[in-house]
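Below, each chain spelled out in residue letters.
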Amino acid sequence: QVQLVESGGGLVQAGGSLRLSCTVSGTIFSTNHMGWYRRAPGQARELIAWIIRTSDTNYADSVKGRFTISRDNAKKTVYLQMNNLKPEDTGVYYCNKALMGSHFTWGQGTQVTVSS
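Source: prediction; values computed, not measured.

### Remarks on the overall build of the chain
- If you tally the helices and strands in the chain, you get zero helices and 10 strands.
- The helix and strand sequence of the chain, counted from the amino end, reads β-β-β-β-β-β-β-β-β-β.
- Across its three principal directions, the C-alpha atoms of the chain cover 40 × 25 × 25 Å.
- Expressed as a percentage of the 116 residues in the chain, the buried residues total 45%.
- Total accessible area computed for the chain in this model is approximately 5,900 Å², and 47% of it derives from carbon and sulfur atoms.

Right, dumping it as structure tokens:
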């Protein structure tokens with residue numbers, strides 16, 4: 001059974017930084033394109049950053065230039081470095097497969113709250 005465990009969220013002031021981690025178990029991690037998703041309050045979950053293989057990264061316009069996605073296949077972990085955070089980045093962050101037509105069962109996510 002695949003499990004996704006997100007961590008690293010918290011409360012931060014605007015302009016601050018956080019680093020999220022997501023550890024994946026129960027599957028062959030390296031063959032999956034992985035992404036970070038965000039569910040802002042009252043909004044649908046959206047894909048904001050994704051990584052294909054180990055270095056092909058892509059970002060939604062809302063986070064481009066501020067967020068960096070990376071992965072460590074040996075640790076079965078995907079990261080999201082978030083800099084210059086804004087109040088509109090507030091939400092629950094999840095990791096999962098990206099652009100592969102299906103998803104693993106979603107994890108609990110990690111809450112990020114950015115105060116102005």
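### Side note on the pattern of salt bridges
- The full count for this structure, using the stated rule, is five salt bridges.
- Note that glutamate 46 and arginine 38 form a salt bridge whose closest N and O atoms lie 3.4 Å from each other.
- For glutamate 46, a relative accessible area of 31% gives the class partly exposed.
- By relative accessible area, arginine 38 is classed as buried at 4%.
- Lysine 64 is the partner of aspartate 61 in a salt bridge, and the nearest nitrogen-oxygen pair spans 3.2 Å.

The rules behind the values
- Residues numbered from 1 in each chain as written.
- Predicted model: local features only at pLDDT ≥ 70, side-chain atom pairs only at ≥ 80, totals over all residues.
- Heavy atoms only, no water.
- Helix = DSSP H or I, 4+ residues; strand = E, 2+ residues; numbered from the N terminus.
- Buried < 20%, exposed > 50% of the residue type's maximum accessible area, 1.4 Å probe, protein only.
- Areas by Shrake-Rupley, 256 points an atom, 1.4 Å probe, with all protein chains shown as cover.
- Salt bridge = Lys/Arg side-chain N within 4 Å of Asp/Glu carboxyl O.

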